[in-house]
Every structure is written in C-alpha cells, then in structure tokens.
Amino acid sequence: MLRTVVCVSGGGTNLQAILDAVDNGTITNTEIVAVISNNPGAKALERAANHNIPGICMSPKDYADRETFNEAFTQKMCELAPDLIVLAGFLVKIPEQMTAKFSGKIVNIHPSLIPAFCGVGYYGLKVHEEALKRGVKVTGATVHFVNEGMDEGPIIAQKAVMVEDNDTPEILQRRVMEQAEWILLPKAIDDIANNRLILKDGHVYQA
Ligand code: GAR
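Heads up: these notes are all about the structure in this document.

How each quantity is defined
- The residue numbers shown here count from 1 along each chain, following its written sequence.
- Restriction of local features to residues with pLDDT of at least 70 applies here, the model being predicted, together with a cutoff of 80 or more for giving and counting side-chain atom pairs; totals for whole chains, interfaces and linings are based on all residues.
- Heavy atoms throughout the structure, all of them, feed into the side-chain values; hydrogens and water do not.
- In this scheme, strands are said to pair when DSSP sees at least two bridges between them.
- We count a stretch as a helix when DSSP gives it H or I for four or more residues in a row; a strand needs E for two or more, and each element gets its number in order from the N terminus.
- Angles shown run from 0 to 180 degrees and are taken between the N-to-C directions of axes, each axis being a line fitted to C-alpha atoms and, for helices, limited to the stretch in contact.
- Here, residues are in contact when the closest pair of their heavy atoms is within 4.5 Å.
- Within this scheme, the nonpolar core is defined by two criteria: the residues are buried Ala, Val, Leu, Ile, Met, Phe, Trp, Tyr or Cys, and they are joined through side-chain atoms within 4.5 Å.
- Three labels apply to residues, based on accessible area from a 1.4 Å probe with only protein chains included: buried if under 20% of the type maximum, exposed if over 50%, partly exposed otherwise in between.
- Taking the helix axis as origin, the arc is that swept by the directions to the C-beta atoms.
- By convention in this document, the label disulfide applies to cysteine sulfur atom pairs within 2.5 Å.
- Summary of the distance rule: residues count as near a molecule or strand when at least one heavy atom falls within 4 Å of that molecule or strand.
- The definition of a polar contact used here is a pair of N or O atoms within 3.5 Å, where within protein one atom must be able to donate a hydrogen and the other to accept one, and adjacent residues in sequence count solely through side-chain atom pairs.
- Throughout, the ten residues Ala, Val, Leu, Ile, Met, Phe, Trp, Tyr, Cys and Pro are labelled nonpolar, Asp, Glu, Lys and Arg are labelled charged, and all others, Gly among them, are labelled polar.

Here's the deal with the sheet that holds strand S4 (residues 84-87)
Strands pair in a sheet through their backbones, by hydrogen bonds, and they do so in one of two ways: parallel or antiparallel. One open sheet accounts for 7 strands, arranged S3-S2-S1-S4-S5-S6-S7; its pairing is mixed. Where the open sheet ends on each side, the last strands, each with one partner, are strand S3 (55-57) and strand S7 (155-162). Averaged over neighbouring strand pairs, the angle between their axes works out to 20 degrees when direction is ignored. Across 3 bridges, the pairing between strand S2 (residues 30-37) and S3 is parallel. Looking at S3, one finds that Val35 is bridged to Gly55. Against the sheet, helix H2 (residues 43-50) makes contact with strand S1 (2-8), S2 and S3, and its axis sits at roughly 145 degrees relative to S2, the strand it touches most.

Here it is, written out as structure tokens:
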C-alpha cells in the first residue's frame, strides 16, 4: 500500500476526487494516511473528517518565522513517513529540506499547461484570470513531480481544455477541474501506486 499524505489549502475538490477514486477502485494500492492543511477553515479538512482521515492543520502564521515552520512541517512529514505526498491545491511553498528528503515522492496539480501561467504568484483562480487576459484558446492542467523550484519539476501528465467565448475565470476554473484535474491527479497516483511511472534523469517514463 502506498502511504499517501495529501496537502490542501481550500475547497479540496481535488482531494475529493482522490477519495472517491480510492472508494470506487480507480486508485488501488493506496492509503490516504493524513490530510495536512495550512488553513484551519479549509473545506478539505471536512472532506477528510467525513472519510475518517486524520486532518492536521499547520500554518506558517502559527510559527515565529518561515524557517521554524519549515522545520516543523518537515518533521511532521517525516513522522508520517509517506511514500507519496500529493499537493492538491496546497498554496504553501514546499521547504527545500522536504523536497530533499522526499525527492521523487511529491506530486503537484497545477491548473495550466506548464510552462504557461505557472511559477511564483500563479495559483488558483489567478491562473485562469491570466489565461483569459492573454486570450489563450486552449489551457489545461499539469501533474508534475515537485523539486526545489516553483512548478518546475518533471512533468507526469497534461491535459488540454478548450477556452470558450464568454468564459469567466470561475467558469474556466471549473471546466479545467472537471475535464482535467480530477482525472489527471487520481490517475497519476494510481500509476505511481502500481509502479507504472518511472522517474529517471529528470524525465518521467510510463511503464
Ligand atoms: C486547483 O485548481 C489546483 O489545481 C490549484 O488550486 C485549486 C485547488 O482547488 N493549485 C494551484 O494553483 C497550485 N499552484 P481544490 O482545493 O478544490 O482542489
């Protein structure tokens, strides 16, 4: 069983897609052992509680400085000893000590076709606002391994989604979630849990 910790910040619809996929057998060999949120009000924590999964709240705001938070966060993760860490709408930068300790074991979902609309400042609705401002006709989502950079790790999978006339950021966000994110992320977890993904020399290969 792949011991998996999911990190969240908000609504947790991606977390829900993972939980549903575990329940209905789309994801196999996987146990969600904890959900970590930086936001005590995150609906994602309710979704975890509904599944009897321990929810842990750790916010940088509760620590004297970022370095103290980073150490506590990494320490907590080491205690949980996951085989995989899934960032499912987690808006806190992963500390370098964590990417080093869990190299090749952290994946993130991002709501654009990386390298478009990614990096510092591009998260959540902001990504879709910028895509619409730029007038792109196609956008999408990306699942990738996490390294010390921001949205820079090796790409696992991407899925394109059409932009439509009169889209608002909210409408586009929902379409990207429905057509791409909620499919890509559970599939990536299942592929990792069943040894179908190989990460070698910074590239991902499908077995
Ligand atoms: C999702 O669209 C996810 O791709 C995005 O935040 C949203 C979280 O929604 N993540 C990022 O922007 C990371 N850079 P959710 O809480 O309903 O899953």
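Looking at the nonpolar core
Ranked by internal contacts, the top residues of the largest apolar core, which has 37 residues, are Val6, Val35, Val86, Val107 and Leu185. Here this core takes 9 residues from helix H6 (residues 169-193), the largest share from any one element. Apart from residues lying up to four places away in sequence, Val107 is in contact with Leu84, Ile85, Val86, Leu87, Val143, His144, Phe145, Val146, Ile156, Leu185 and Ile192. Counting residues in hydrophobic clusters, the runner-up holds 20 residues, among them Cys7, Val33, Met58 and Val146.

With respect to helix H5 (residues 125-134)
In an α-helix, one turn spans 3.6 residues; hence positions three or four apart end up facing the same way. The complete set of buried residues in H5 reads Val127, His128, Glu130 and Ala131. For H5, the angular spread of buried residues about the axis comes to 160 degrees, placing them on one side. Looking at the buried side of H5, the elements it contacts are strand S5 (106-110) and H6. Looking one or two residues beyond H5, the residue adopting positive phi is Gly135, at roughly 80 degrees.

So, the state of the cysteines
Summed over the entire model, instances satisfying the criterion amount to 0 disulfides. Cys7 carries a free sulfur, and the closest cysteine sulfur to it, the one in Cys57, is 12 Å from it. Cys7 provides the cysteine sulfur closest to Cys118, a residue in no disulfide bond, and the two sulfurs are 20 Å apart. Note on Cys118: relative accessible area 18%, which makes it buried.

Quick look at the site of the ligand
Not every one of the 14 residues close to the ligand is listed here, only the nearest: Gly12, Thr13, Asn14, Gly124 and Glu181. Interatomic distance of 3.4 Å between a backbone N/O atom of Gly11 and an oxygen atom of the ligand. At 2.8 Å, a backbone N or O of Gly124 approaches an oxygen atom of the ligand. For the shell around the ligand, the elements supplying multiple residues, two or more each, are helix H1 (13-23), S5 and H6. For the shell around the ligand, the residue count by class is 5 nonpolar, 8 polar and 1 charged.

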